[in-house]
Amino acid sequence: MNTRQPAPDVTVIVPTYQEAESLPGLLDRLEAVRAGGVALNVLIVDDDSQDGTEAVIAEMDRDWVRLLTRREDRGLSSAVLCGIQEATGEWCVVMDADLSHPPEVIPDFLAALRGDADFVVGSRYVPGGSTEDGWGVLRWINSKVATVMARPFTTVRDPMSGFLGFSRTLIDDSDVLDPVGYKIGLELIVKGECRHVEEVPIHFSTRRHGQSKLSLRVQLQYLNHIVRLARWKYPRLSSFLPFAMVGVSGIGIYVLLLWILELVSGGTLGQDLQIIIAIVGAMFWNFTFDRWLAFWYARKQPFLPQLLGFLAVCSIPVIVNFLITRWLVGDDYVSPAAGAIGAFAGSVVGVVFNWLVMRSFIFRRSESSSGN
Ligand code: GDD
Ligand code: MN
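What counts, and at which threshold
- Residues numbered from 1 in each chain as written.
- Chains lettered and ligands numbered in written order.
- Predicted model: local features only at pLDDT ≥ 70, side-chain atom pairs only at ≥ 80, totals over all residues.
- Helix = DSSP H or I, 4+ residues; strand = E, 2+ residues; numbered from the N terminus.
- Rg over C-alpha atoms; globule rule 2.2 N^0.38 Å.
- Buried ≥ 20, exposed ≤ 12 C-beta atoms within 10 Å, placed from the backbone.
- Domains from an automatic or database assignment.
- Near = placed C-beta within 6 Å.
- Nonpolar A, V, L, I, M, F, W, Y, C, P; charged D, E, K, R; others polar.
- Pairing = 2+ DSSP bridges.
- Axes fitted to C-alpha atoms, helices over the stretch in contact; angles between N-to-C directions.
- Contact = placed C-beta atoms within 7 Å.

Okay, the overall build of the protein next. Helices and strands together make up the secondary structure of the protein, namely 11 helices and nine strands. Relative to the globule expectation of 21 Å for 372 residues, the C-alpha radius of gyration of the protein, 28 Å, shows a markedly less compact shape. If you line up the protein on its principal axes, its C-alpha atoms span 90 × 45 × 40 Å. By residue count, 31% of the 372 residues in the protein fall in the buried class.

Moving on, we come to the domain arrangement of the protein. With domains assigned, the protein is organised as domain 1 (10-233) and domain 2 (240-362). Taking only C-alpha atoms into account, the centre of domain 1 sits 48 Å from that of domain 2.

On to the site of ligand 1. Neighbouring ligand 1 are 23 residues; Ala 79, Ala 97, Gly 162, Ser 212 and Leu 214 lie closest to it. Mapped by element, the contributors of at least two residues to the shell around ligand 1 are β1 (10-16), β2 (40-46) and α3 (76-86). Taken together, the residues of the shell around ligand 1 sort by class into nine nonpolar, six polar and eight charged.

Attention now goes to unusual backbone geometry. Within the chain, Asp 61 stands out as a residue other than glycine whose phi angle is a positive 50°. The backbone of Leu 99 sits at a positive phi, close to 70°, despite the residue not being glycine. Here Leu 99 shows up in the loop between β4 (91-94) and α4 (106-114).

Let's shift gears to the sheet that holds strand β7 (residues 164-167). Strand order in the open sheet formed by seven strands is β3-β2-β1-β4-β7-β5-β8, and the pairing between neighbours is mixed. Looking at which strands have only one partner, the edges of the open sheet turn out to be β3 (65-69) and β8 (197-201). If you compare each strand with its neighbour and ignore which way they point, the axes differ by 20° on average. Pairing between strand β5 (residues 119-123) and β8: five bridges, direction parallel. Residue pairing for β8: Gly 122 is matched across the bridge by Val 200. Along the sheet, helix α2 (residues 53-60) contacts β1, β2 and β3; its crossing angle with β3, the most-contacted strand, is approximately 160°.

Once that is clear, we can look at the pairing of β2. Counting buried positions along β2 yields seven of seven residues, so the element is predominantly enclosed. Residues Leu 40, Val 42, Ile 44 and Asp 46 of β2 are buried on one face, and the alternating residues Asn 41, Leu 43 and Val 45, pointing to the opposite face, are buried as well. Two elements, β1 and β2, share seven bridges in a ladder whose sense is parallel. Across the sheet, Val 12 pairs through a bridge with Val 42, a residue of β2.

With respect to burial, α3 is a largely interior element, nine of its 11 residues being buried. What α3 keeps buried is the set Leu 76, Ser 77, Ser 78, Ala 79, Val 80, Leu 81, Cys 82, Gly 83 and Ile 84. As for α3, its buried residues are in contact with β1, β2, β4 and α6 (184-191).

Put into structure tokens, the structure is as follows:
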């Protein structure tokens, strides 16, 4: 940053990709905010747009504007993180370049941050907020669905907003952040463990120049992002739920294998052998998907010990079930209903037991395995 400048209160971080046409208008409006008494500087993080962005900035020649051109990394979220690392202000504001976000509310952002807000978003969905007409139905549905999916993580009305304000030191360990996709605001709110997020109403304008970069690929990344956030915020539930679901699918595989074996072998294989093959097949099925979905954090650890441990642990409830059944059958009479209830209770206990033991002994979190 220009060393003659005193440290500003706010660094406005503007990620850009091919926004040369929008920048003059944006910088003019930011200049007016400065004139209104806000000590801000601007950091434009451009992903090597090659559309004249550099020339536009050079020509405007504002000493409070700095252009940072990234030639290797790509992507909105990582551009924002790069901006946070380079920011000099006490606060950061992140906004789009295309003038969808009105710079005039920045003083309101600051007032909230100086009050007791630990995060601010410019919001379309609080009273006073709005969206310019002309959003296609598809984009609208898209935005709504994405917002609903963010519900388990935050009660913010507009967690998809890309207009953000926060302290530069909100995240002290940037390793926890996953700069994947578009929703850097949601990521910062959740991983910054923000308690008081204030929503400043904005009118979201439709861009006048260029086009949106929100591609289908970026939208798919959002699903991935939600999974990562769930694993971060609810690590046990995010492990147990897939484990239980894989368990249910394993029963299906078991039945299916029995059926196929019977069909294919036409009775040449002994009954016991068929059962054993089906059990082993189902165990491998469960192992593969559990390792992938339930114990994702241990995926990089050696395969063989995990497989052997998995098979050993799975065998315990099987043997216990077997013994209990034998013991029940040994009694004079076992009602079928009691049998079904017993089997169900046994499965539930088995799943919880298996999961706990696997987590503690077979798929452990190593020092190096990240939360994701
Ligand atoms: N550096 C960099 N790298 N900037 C990018 C990239 C990238 O890969 N992709 C997009 N940007 C910049 C754009 O140049 C623009 O300044 C800003 O990020 C937002 O991109 P748009 O392409 O205008 O996004 P949008 O209008 O579809 O989405 C906006 O509204 C959504 C809410 O509906 C964004 O604010 C989203 O964050 C927000 O969720
Ligand atoms: Mn836009």
